[in-house]
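Single-letter residue listing:
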Amino acid sequence: MDTTLESPLGQVAMIPLLTWIARNAPADLKATFFAVMASFTNMALTASSLLTKYLNQIFLVTREVKDRATGTVQVPADYSQLGWLLVTVALIGVLAPLLTVLLVQKSRLQTDD
């Protein structure tokens, strides 16, 4: 269910970035810039999935698993690192795009608009 909902929303979330890129691209290369950056956004979505995997390995959050037959707890619930995981994801989600915009605006690719 999570993957089903996340996939289209991840693509829709890239629209403002692609619009910004198309607006800031040189006039004679707008289509090329847009196509290349659309490919980069797909790579970013893949990197996001990998980063999620690695963050979940660093910040271990487990749910309780019980044996159906006996009702004994096989894996205890541990949400002690959930707060740090959420803070880390929020910081990455805010800082990564802002740093990217800052780097592009300070490079030779900036526009006067």
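Before any of the text, the structure's been laid out above.
Described below are features of the structure shown in this document.

The rules behind each value
- Residues numbered from 1 in each chain as written.
- Predicted model: local features only at pLDDT ≥ 70, side-chain atom pairs only at ≥ 80, totals over all residues.
- Heavy atoms only, no water.
- Helix = DSSP H or I, 4+ residues; strand = E, 2+ residues; numbered from the N terminus.
- Buried < 20%, exposed > 50% of the residue type's maximum accessible area, 1.4 Å probe, protein only.
- Contact = heavy atoms within 4.5 Å.
- Areas by Shrake-Rupley, 256 points an atom, 1.4 Å probe, with all protein chains shown as cover.
- Arc of directions from axis to C-beta.
- Axes fitted to C-alpha atoms, helices over the stretch in contact; angles between N-to-C directions.
- Parallel < 35°, antiparallel > 145°, perpendicular 65-115°, else oblique.
- Left-handed = near helix turned anticlockwise from the far one by under 90°.
- Nonpolar A, V, L, I, M, F, W, Y, C, P; charged D, E, K, R; others polar.
- Salt bridge = Lys/Arg side-chain N within 4 Å of Asp/Glu carboxyl O.

## Comments concerning the overall build of the protein chain
1) Next: Counting its secondary structure elements, the protein chain contains four helices and two strands.
2) Next: When the helices and strands of the protein chain are listed from N to C terminus, the series reads α-α-α-β-β-α.
3) Next: Every one of the 113 residues in the protein chain was classed for burial, and the buried ones make up 10%.
4) Next: Relative to all contacts within the protein chain whose residues are 6 or more apart in sequence, the contacts with residues 24 or more apart total 36%.
5) Next: Here the protein chain has roughly 9000 Å² of accessible surface; of this, 67% comes from carbon and sulfur atoms.

## Some remarks on helix α2 (residues 15–24)
1) Next: Those residues of α2 that sit buried are Leu18, Ile21 and Asn24. With its buried residues spanning 135° around the axis, α2 presents them on a single face. Exposed positions of α2 whose direction lies more than 90 degrees from the buried face are Pro16 and Arg23.
2) Next: In the core, the buried residues of α2 are packed alongside α3 (30–58) and α4 (82–106).

## A short note on the packing of α2 against α3
1) Next: Their axes nearest at 9 Å, the elements α2 and α3 cross at an angle of 150°. Classed by the angle they form, the pair α2 and α3 counts as roughly antiparallel. At the point where α2 passes α3, the crossing takes the right-handed sense. Touching Leu17, Leu18, Ile21, Ala22 and Arg23 of α2 are Lys30, Phe33, Phe34, Met37, Ala38 and Thr41, all from α3.
2) Next: Looking at side-chain class alone, the contact of α2 with α3 contains eight nonpolar, one polar and two charged residues.

## Regarding the pattern of salt bridges
1) Next: Counting across every chain of the model gives one salt bridge.
2) Next: The residue glutamate 64 makes a salt bridge to lysine 66 at a minimum N-O spacing of 3.9 Å.
3) Next: Among the residues examined, lysine 66 registers a relative accessible area of 49% and is labelled partly exposed.

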